[in-house]
Amino acid sequence: MEAEEIPVLPRGVRLHYDHIREIWVLLAPERAVTLDAVGHAILSEVDGERSFGEITQKLAEKFNAPVDLIMQDSAGFLGALRARRFLDVSS
Amino acid sequence: MAWNKPVIREIECMEINMYGP
């Protein structure tokens, strides 16, 4: 994923807190994935307006971690979601 | 709030690891 690209959750895909399992899940029609704390933190920044570069910069400040590491891990994470149609990207 | 490589598990019928360390 390039820094200028804008990740966005497609219609019908949303974050949901599962009170039974006490975990965050990403729900899509008839499908779901579970998220860990970092995955939830990444998706919480996805608003369909800010670019991948802006999001990873914010996460680097929030986690006090190198932005290069954040970009690498986030790109893999969001790429995996995109491949399974849990995420769209606009540019 | 420590950064770790994020993990995704897809729920099918069971949790199946989809991405992560």
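Note: the structure precedes this text.
These remarks concern the structure in this document.

How each quantity is defined
Residues numbered from 1 in each chain as written. Chains lettered and ligands numbered in written order. Predicted model: local features only at pLDDT ≥ 70, side-chain atom pairs only at ≥ 80, totals over all residues. Heavy atoms only, no water. Contact = heavy atoms within 4.5 Å. Buried area = accessible area lost by both parts, 1.4 Å probe. Polar contact = N/O pair within 3.5 Å; in protein donor to acceptor, adjacent residues only side chain to side chain. Helix = DSSP H or I, 4+ residues; strand = E, 2+ residues; numbered from the N terminus. Nonpolar A, V, L, I, M, F, W, Y, C, P; charged D, E, K, R; others polar. Pairing = 2+ DSSP bridges. Expected span 1.5 Å × (residues − 1). Buried < 20%, exposed > 50% of the residue type's maximum accessible area, 1.4 Å probe, protein only. Arc of directions from axis to C-beta.

## Regarding the interface of chain B and chain A
Taken together, the 15 residues of chain B in the interface contact 23 residues of chain A. Taking both partners together, chain B and chain A bury about 1,700 Å²; carbon and sulfur atoms supply 65% of that area. Summed over the shared surface of chain B and chain A, the number is 2 residue pairs in polar contact (both at pLDDT 80 or more). Mapped by element, the contributors of at least two residues to the side of chain B that touches chain A are strand 1 (8-11) and strand 2 (15-19) of chain B. Sorting elements by how many residues they give to the side of chain B that touches chain A places strand 1 of chain B first, with 4 residues. Along the lines of polarity and charge, the residues of the side of chain B that touches chain A split into 9 nonpolar, 1 polar and 5 charged. Sheet topology note: the strand 4 (residues 31-35) of chain A/strand 1 of chain B ladder contains 4 bridges and is antiparallel. Within strand 1 of chain B, the residue paired with A32 of chain A across the bridge is I11 of chain B.

## Looking at helix 2 (residues 52-63) of chain A
Residue and element names in this part refer to chain A. Between its terminal C-alpha atoms helix 2 stretches 16 Å, which fits the 16 Å expected from 12 residues at 1.5 Å a residue. Listed as buried for helix 2 are F52, I55, T56, L59, A60 and F63. Summarising the axial view, the buried residues of helix 2 lie within an arc of 140°, below the 170-degree limit, and thus occupy one face. The elements touched by buried residues of helix 2 are strand 1 (6-8), helix 1 (37-44) and helix 3 (67-83). Following helix 2 by one or two positions, N64 adopts a phi angle in the positive range, close to 55°.

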